[in-house]
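The residues making up each chain are set out below.
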Amino acid sequence: MANVGTRATTRLLQFLLTPAGLSENLAAVAELQGIRLPEIGGKQIFTQNVAQELVERAVEVKYPALLLYCEKIGNDLREKFRTFSGKAHMAIEVRVSQDRIEGLEKLLEIYVDTVTRILDQNRGDWGNGMFYTGGYEAVFAEMKHGGRNFIQTGKIRFEVLVSID
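Since this is a predicted model, take the numbers as computed values, not measurements. (Residues numbered from 1 in each chain as written. Predicted model: local features only at pLDDT ≥ 70, side-chain atom pairs only at ≥ 80, totals over all residues. Heavy atoms only, no water.)

### Considering unusual backbone geometry
What counts is decided by this rule: Helix and strand labels come from DSSP, where a helix needs a run of H or I of at least four residues and a strand needs a run of E of at least two; each type is numbered from the N terminus.
The peptide bond linking Tyr63 to Pro64 adopts the cis configuration, its omega dihedral lying at 0 degrees. In this structure, Asn128 is a non-glycine residue whose phi angle is positive, near 55 degrees. Here Asn128 is to be found in the loop between β4 (124–127) and β5 (130–132).

### As for the pattern of salt bridges
Two side chains carrying opposite charge are able to pair once their charged atoms lie near each other. Convention followed: Salt bridge, as used here, is a side-chain nitrogen of Lys or Arg placed within 4 Å of a carboxyl oxygen of Asp or Glu. Each residue is assigned to one of three classes by its accessible area relative to the maximum for its type, calculated with a 1.4 Å probe on protein chains only: buried under 20%, partly exposed between the two thresholds, exposed over 50%.
Within this structure, the stated rule accounts for 12 salt bridges. Note that Lys155 is salt-bridged to Glu71, the shortest N-O span being 3.2 Å. Of this pair, Lys155 sits in strand β8 (residues 150–164) while Glu71 sits in strand β2 (residues 65–75), and the two are 84 residues apart along the sequence. Note on Glu71: relative accessible area 33%, which makes it partly exposed. Note that Glu93 is salt-bridged to Arg95, the shortest N-O span being 2.9 Å. Note on accessibility: Glu93 and Arg95 belong to one class, buried. Here the salt bridges do not stand alone but share partners, grouping Glu71, Glu93, Arg95, Glu137, Lys155 and Arg157 into one network.

### Some points on the pairing of β2
The criterion, for reference: In this scheme, strands are said to pair when DSSP sees at least two bridges between them. Orient the strands so they point away from the viewer, and a crossover whose first-strand-to-second-strand path over the helix runs clockwise is right-handed.
As paired elements, strand β1 (residues 45–46) and β2 share 2 bridges and run parallel to each other. Pairing of Ile45 across the sheet is with Leu66, part of β2. Note on the crossover from β1 through helix α3 (residues 52–58) to β2: the handedness is right-handed. One ladder, built from 10 bridges, connects β2 with strand β3 (residues 84–98); its direction is antiparallel. Note on β3: the bridge partner recorded for Leu66 is Val94.

Here you go:
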């Protein structure tokens, strides 16, 4: 069953890293807002659920950063003769940091908006028995000390239907 979360996370990472994914959508959102935003490269995307303090101790983190992971899986056997027929509960954390409080929350909202645009563009069949029907929930955490003095996190949660043998 652990393979279900890995499959969904890998597919999500592929959507983000395509040319029409993160870089194109980030440019479009920045143009709409009339601002210039820092790009998010491959070294700023982590495919694991890890606390901000641990990431900063283990590797050199460049912000903004994205964390993609599967929070939980549920095999409710909707299709009786499948090995797995249920849901993968996915999460994308967007972490932004800067040295001033001003504008940090607005910056976070822009990056969360970019990620949700990518989800909207990729509704439907994800291949290998995975299907994203759309819909998500975005939760914004409080600003705290960390990163480049101040850090704030937005977490986007959504479900992927999975049906595999």
